[in-house]
Amino acid sequence: MTKNLSSRLSCGALRLVLTAAMIAVPAVGSAAEHVVSQKGKAFNVKTLKVKVGDAVKFVNEDPFSHNVFSLSAAKNFDLGTYPQGGAKSVTFDKPGTVEVECAIHPDMQMVVEVAK
Amino acid sequence: MSNASPRRLASSRPVHRTAAARLPAVAGLCALVALTAVVARPAAAQPVPAPVAADQAFRLGDLPPVAANPITPAKAALGHALFFDPRLSGNGTVSCASCHNPSLGWSDGLKTGIGINGTVLSRATPTIVNVAYNTQFMWDGRSRSLEDQALGPMKAAEEMKTDFTSMMRMLSSIDGYRDLFEKAFPGEPIGEATVAKALAAFQRTVVSKDSRFDRWLDGDRTALTPQEWRGFQVFKDPAKGNCAVCHSGPNFTDNGYHNIGVAQAHGKEDPGRFAVRALPSMKGAFKTPTLRDVALTAPYFRDGSAASLMEVVEHYNRGGDDKSNLSRDVRPLNLGRQEMEDLVAFMHTLTGRQPIVALPQLPQSPRAPTASVARPSNPVSARN
């Protein structure tokens with residue numbers, strides 16, 4: 001019983017940590033803003049699930065420039081190039097799979113799954 | 001660039017001794033020279049500081065596995081023959097090795113490549129050294145894999161202009177090639193896919209990972225001179241050379257694309273990566289080349305406009321020339337002359353030991369001249 005509770009608590013704590021890492025902040029209405037960092041020439045998550053209307057803020061934590069863009073049908077965008085400390089957001093307004101990449105470093109890739 | 005260690009460079013004292021014995025008048029001077037050498041020798045072999053933990057990011061590991069095309073000796077042997085075979089080109093005069101010449105660091109020593117019929121190409125020939133470690137192929141990354149890249153020059157009308165139908169007929173008609181293909185790809189047809197796989201497998205065997213810099217990473221603190229070690233500090237310091245911002249990782253490339261501000265003639269701008277990814281930041285951006293064996297592959301930049309490594313360093317020191325779409329990471333460096341010379345000295349330490357590359361005996365058609373055919377009396381004029 002105690003063990004199960006402890007296990008449940010640590011699972012909950014883990015979930016809390018994971019949620020904090022993604023920093024999904026409720027925005028106006030039910031939309032949220034998620035934060036993805038770019039560090040070590042990689043996005044900190046490979047896949048991110050969001051809802052239509054949510055925004056994702058991409059923060060450059062590397063000491064050099066990054067870019068964020070997608071050519072996916074569900075969201076075609078280019079946030080341009082920005083240096084360390086820079087951050088730009090994009091709102092996902094259609095459901096679908098969005099493949100996100102850094103134009104400067106094409107090995108930096110992630111997927112945003114946008115659900116209704 | 002010699003790979004001689006500082007110890008080996010200080011080996012001329014016996015000459016001085018002989019001269020001193022034959023010419024007593026200068027014996028004192030020679031003795032002084034010899035003494036200086038003895039005194040200087042420990043200084044020349046003075047160990048430089050050991051690598052810090054972060055430096056191990058430059059250590060080149062084993063070849064990355066390629067699940068779709070594992071390297072085998074048979075594939076590499078076939079690829080070796082194909083790589084050097086000019087008969088793959090449209091008129092039988094150009095092989096892969098015509099531009100990727102192992103005697104010239106697997107490049108060609110030219111500003112830009114020269115293709116079939118003497119066509120001057122628009123970009124420099126990149127080395128194939130350590131291409132196995134790359135994730136991006138071609139200056140603009142238009143090839144998705146090394147196998148795809150291998151067929152690129154063959155399909156280009158200005159490079160090899162290969163007639164694939166004729167080439168397959170040629171390869172299939174020669175016993176030696178049929179044997180090589182069967183050993184490399186048992187049961188598979190001779191075709192584009194197997195030609196590409198063999199060429200890629202061979203290119204993946206061209207590896208440079210035993211430079212003096214690697215020996216220093218391995219713990220040999222005498223593998224670099226103090227100047228070369230200082231050059232490495234300039235290389236990686238974001239406030240100095242900031243070179244490692246792009247020339248990062250074990251193969252000294254971030255597999256990324258940057259506009260480094262190479263001057264371009266008005267109206268003749270090369271779009272670079274923009275042709276593949278039509279994003280504003282990619283106008284004039286090109287792939288970061290490896291720096292391994294870089295001292296062997298002059299001239300530099302994608303148009304060969306820098307004749308020497310010092311010219312490369314000078315370019316970056318002034319923050320590039322064409323600023324119209326310059327990478328944010330290229331800026332004036334304000335390096336002093338000594339720092340620039342140190343940087344060049346460091347880059348010379350990235351030259352690996354150069355293996356002797358054997359020219360393959362290319363499989364020949366079985367149709368040999370018969371005994372009844374008269375031999376030409378003058379072979380030279382006969383060839384003409």
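Scoring rules and cut-offs
- Residues numbered from 1 in each chain as written.
- Chains lettered and ligands numbered in written order.
- Predicted model: local features only at pLDDT ≥ 70, side-chain atom pairs only at ≥ 80, totals over all residues.
- Heavy atoms only, no water.
- Contact = heavy atoms within 4.5 Å.
- Buried area = accessible area lost by both parts, 1.4 Å probe.
- Salt bridge = Lys/Arg side-chain N within 4 Å of Asp/Glu carboxyl O.
- Polar contact = N/O pair within 3.5 Å; in protein donor to acceptor, adjacent residues only side chain to side chain.
- Nonpolar A, V, L, I, M, F, W, Y, C, P; charged D, E, K, R; others polar.
- Axes fitted to C-alpha atoms, helices over the stretch in contact; angles between N-to-C directions.
- Helix = DSSP H or I, 4+ residues; strand = E, 2+ residues; numbered from the N terminus.
- Parallel < 35°, antiparallel > 145°, perpendicular 65-115°, else oblique.
- Buried < 20%, exposed > 50% of the residue type's maximum accessible area, 1.4 Å probe, protein only.
- Pairing = 2+ DSSP bridges.
- Phe/Tyr/Trp six-rings, centres within 6.5 Å; stacked < 30°, edge-to-face > 60°.
- Arc of directions from axis to C-beta.

Draft legend 1. The interface of chain B and chain A, seen in detail. Tallying the contact residues gives 17 residues for chain B and 16 residues for chain A. Summed over both partners, the interface of chain B with chain A comes to about 1300 Å²; 52% of that surface belongs to carbon and sulfur atoms. Counting the surface chain B buries against chain A, the share from its top three residues, B:Arg277, B:Leu279 and B:Arg328, is 37%. Taken together, the connections running from chain B to chain A amount to 1 salt bridge. The shortest N-O distance in the salt bridge between A:Glu101 and B:Arg277 comes to 3.8 Å. Here chain B is connected to chain A by 7 residue pairs in polar contact (both at pLDDT 80 or more). In terms of residue class, the side of chain B that touches chain A is built from 5 nonpolar, 7 polar and 5 charged.

Draft legend 2. Here's a closer look at the packing of helix α11 (residues 226-236) of chain B against helix α13 (residues 337-348) of chain B. All names here are of chain B. Relative orientation of the contacting elements α11 and α13 amounts to 100°, with a least axis distance of 7 Å. Judged by the inter-axis angle, α11 sits roughly perpendicular to α13. Contacts from Gln227, Glu228, Arg230, Gly231, Phe232, Val234 and Phe235 of α11 reach α13 at Gln338, Glu339, Glu341, Asp342, Leu343, Ala345 and Phe346.

Draft legend 3. Just the side chain of B:Thr162, in detail. Note that B:Thr162 resides in the loop between α6 (146-155) and α7 (164-173). Contact partners of B:Thr162, with chain neighbours within four places excluded, come to B:Leu88, B:Ser89, B:Gly90, B:Met154 and B:Met167.

Draft legend 4. Quick look at the pairing of strand β5 (residues 66-72) of chain A. Counting buried positions over the 7 residues of β5(A) gives 6, a clear majority of the element. Linking β5(A) to strand β6 (residues 75-82) of chain A, which pair antiparallel, is a turn of 2 residues.

Draft legend 5. Layout of the packing of aromatic side chains. Overall, the coordinates contain 23 aromatic pairs over all chains when judged by the stated rule. Residues A:Phe43 and A:Phe58 carry aromatic rings whose centres are separated by 6.0 Å and whose planes lie at 70° to one another, so their mutual orientation is edge-to-face. In this pair, A:Phe43 is assigned in the loop between β2 (32-38) and β3 (47-51) and A:Phe58 in strand β4 (residues 55-60), connecting sequence segments 15 residues apart. Residue class for A:Phe58 comes out buried when judged on its relative accessible area of 0%. Residues B:Phe232 and B:Phe235 carry aromatic rings whose centres are separated by 6.4 Å and whose planes lie at 25° to one another, so their mutual orientation is stacked. Of this pair, B:Phe232 and B:Phe235 both sit in helix α11, separated by 3 residues, roughly a single helical turn. The pair B:Phe232 / B:Phe235 is uniform in exposure class, with both members buried. Pairwise contacts between aromatic rings join B:Phe58, B:Phe213, B:Trp216, B:Phe232, B:Phe235, B:Phe252 and B:Phe346 into one cluster.

Draft legend 6. Structural context of the pattern of salt bridges. All names here are of chain B. With the rule as written, the count across this model stands at 19 salt bridges over all chains. With its nearest N and O atoms 3.0 Å apart, the salt bridge here joins Asp140 to Arg142. Residue Asp140 is classed as buried on the basis of its relative accessible area of 5%. A residue is classified by how much of its surface remains accessible, and Arg142, at 43% relative accessible area, is partly exposed. The shortest N-O distance in the salt bridge between Asp210 and Arg353 comes to 3.9 Å. Highlighted residues: Asp210 in the loop between α9 (192-203) and α10 (212-217) and Arg353 in the loop between α13 and α14 (379-383), separated in sequence by 143 residues.

Draft legend 7. Representation of helix α8 (residues 175-184) of chain B within the structure. All names here are of chain B. Turning to α8, its buried residues are Tyr177, Phe181 and Ala184. On an axial view of α8, the arc spanned by its buried residues comes to 70°, and they lie on one face. As for α8, its buried residues are in contact with α4 (73-83), α7 and α9.

Draft legend 8. Structural view of the pairing of strand β9 (residues 109-115) of chain A. Residues and elements named next belong to chain A. Of the two faces of β9, the one lined by Met110, Val112 and Val114 is fully buried and the one lined by Gln109, Val111, Glu113 and Ala115 carries no buried residue. Bridge count for β3 against β9 is 5 bridges, and the pairing is parallel. What sits directly across from Val50, in β9, is Val114.

Draft legend 9. How the structure looks around unusual backbone geometry. Residue and element names in this part refer to chain B. Omega for the peptide link from Ala298 to Pro299 comes to -5°, which places this bond in the cis form. Its place among the elements puts Pro299 in the loop between β2 (286-287) and α12 (309-317). For Trp106, which is not glycine, the phi torsion reads 60° and is therefore positive. Within the secondary structure, Trp106 is located in the loop between α5 (96-99) and α6. Taking relative accessible area as the criterion, Trp106 reaches 6% and is therefore assigned buried. In this structure, Lys161 is a non-glycine residue whose phi angle is positive, near 50°. Within the secondary structure, Lys161 is located in the loop between α6 and α7.

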